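In case you want the letters, here they are:
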Amino acid sequence: MIIGLTGGIGSGKSTVARAFEELGIGWVDADDVAREVVALGEPALAAIAEHFGEDVLNSDGTLNRSALRTIIFEDPAQRQWLESVTHPRVRERLLLHLERLQQQSPYVLLVSPLLFESGQDKLVNRTLVIDVPESLQLSRTLARDGVSKSQVRAILAAQLPREERLAKGNDVIDNSGDHAAMMRQVVQLDRRYRAECA
C-alpha cells in the first residue's frame, strides 16, 4: 500500500514522515526526487538552462533555485513549462524509489506538497493530509526558509486551497499542536494502515 502524504508549505510533512519512519515505515519525498532530476549532469538541468538561460545556474553549474523560483512564481506559463519537463521525470524516479522501499516496509509513504496538483495522487492507494492553519504555515515557513512574506504567499497561492486539500484527503493529521499530539495521531494511523495491509 502506498500512502500519499501531503499538506501545504510549513505544515510539517517531513516531521510527520520522520515520525512514521521511527515506526519502521519507508518514505520518499517528491521534493528530494525533484532535486535529483535537476542535479548536475541530468538532462532536465540542461533543458532548463537552455530555456531560461545561464541566469538560473550558479557559478558551479548547479541550479540556482531561488532565481528559478522567482521566475516561475511570477509567470504561470513558465511554471507550466518547467513542470512539463520535470514532472514526468520525477514520476518515473518516484516509482523506482517506491518499488525499492516496498521490499522492506509494510506500506510506504509518498511525501509530496503537490500530490493532488501534480497528479501524483494517481500513484497512491490512500491520501493523508497534514493540516495546520494558514497563519501557522506562514510563520513556520518565514522562520525556516528565510524567504519574504510575498514569496510564501505566492507559494501558498500555487498550492491547493486548504479546504480543497482537506476535502480530497482520506485521512488527516492536525499538526497545529505539539510533537506528542502529532505522534499519537501517527501511531493510531500506523496501526490502521498495518491492519489494512495484513
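Shown above is the structure to which this text applies.
Keep in mind it's a predicted model, so treat the numbers as computed, not measured.

Chemist: What should I look at first to understand the overall build of the chain in this one?
Modeler: Each helix and strand counted, the chain has nine helices and five strands in total. For the chain, the sequential pattern of α-helices and β-strands runs β-α-β-α-α-α-α-β-β-α-α-α-β-α. Against the globule reference of 16 Å for 198 residues, the chain gives a C-alpha radius of gyration of 17 Å, in line with a compact fold. In the chain, which comprises 198 residues, the share counted as buried stands at 43%. Carbon together with sulfur atoms contributes 49% to the accessible area of the chain, which is approximately 10100 Å² in total.

Chemist: For this particular structure, what's the right way to read the packing of aromatic side chains?
Modeler: For any pair of aromatic rings, the description consists of the separation of the ring centres together with the inter-plane angle of the planes. Scanning the entire structure with this criterion turns up four aromatic pairs. Centroid distance F20 to Y107: 6.4 Å. Interplanar angle 85°. Geometry classified as edge-to-face. Taken together, the residues span a long stretch of sequence, with F20 in helix α1 (residues 13-22) and Y107 in the loop between α5 (76-102) and β3 (108-111) at a distance of 87 residues. Judged by relative accessible area, Y107 falls into the buried class, the value being 1%.

Chemist: I keep staring at helix α7 (residues 149-158) and nothing clicks. Help me out?
Modeler: Since the α-helix packs 3.6 residues into each turn, any two residues three or four apart lie on the same face. Looking only at α7, the buried set comprises V152, I155 and L156. Down the axis of α7, the smallest arc covering the buried residues is 100°, so these residues share one side. α7 presents S150 and A157 as exposed residues on the side facing more than 90 degrees away from its buried surface. On its buried face, α7 is in contact with α4 (65-74) and α6 (134-145).

Chemist: What is the right way to read the packing of α4 against α5 from this model?
Modeler: Any two packed helices are characterised by how steeply their axes cross, that is the angle between the axes, and by the distance between the axes. Put simply, α4 and α5 touch, their axes get as near as 5 Å, and they point 120° apart. Of the possible angle classes, the one that applies to α4 and α5 is oblique. Of the residues in α5, those touching α4 at L68, I71, I72, F73 and E74 are P76, Q78, R79 and L82. Here the contact of α4 with α5 is built from residues that sort into six nonpolar, one polar and two charged.

Chemist: Honestly, the packing of helix α3 (residues 43-52) against α5 in this entry has me stumped. Any pointers?
Modeler: Where α3 meets α5, the axes come as close as 10 Å, and the angle between the chain directions of the two elements is 165°. One way to sum up the angle between α3 and α5 is to call them roughly antiparallel. By crossing handedness, the relation of α3 to α5 is classed as right-handed. Across the interface between the two elements, P43, A44, A47, I48, H51 and F52 from α3 touch Q78, W81, L82, V85, T86 and R89 from α5. Taken together, the residues of the contact of α3 with α5 break down into eight nonpolar, three polar and one charged.

Chemist: Is there a simple way to explain the environment of A34 in this structure?
Modeler: Mapped onto the elements of the fold, A34 is located in helix α2 (residues 30-37). In the structure, A34 is positioned 52 residues away from T86 in sequence and 7.2 Å away in space, judged by C-alpha atoms.

Reading guide: rules and limits
Residues numbered from 1 in each chain as written. Predicted model: local features only at pLDDT ≥ 70, side-chain atom pairs only at ≥ 80, totals over all residues. Heavy atoms only, no water. Helix = DSSP H or I, 4+ residues; strand = E, 2+ residues; numbered from the N terminus. Rg over C-alpha atoms; globule rule 2.2 N^0.38 Å. Buried < 20%, exposed > 50% of the residue type's maximum accessible area, 1.4 Å probe, protein only. Areas by Shrake-Rupley, 256 points an atom, 1.4 Å probe, with all protein chains shown as cover. Phe/Tyr/Trp six-rings, centres within 6.5 Å; stacked < 30°, edge-to-face > 60°. Arc of directions from axis to C-beta. Contact = heavy atoms within 4.5 Å. Axes fitted to C-alpha atoms, helices over the stretch in contact; angles between N-to-C directions. Parallel < 35°, antiparallel > 145°, perpendicular 65-115°, else oblique. Nonpolar A, V, L, I, M, F, W, Y, C, P; charged D, E, K, R; others polar. Left-handed = near helix turned anticlockwise from the far one by under 90°.

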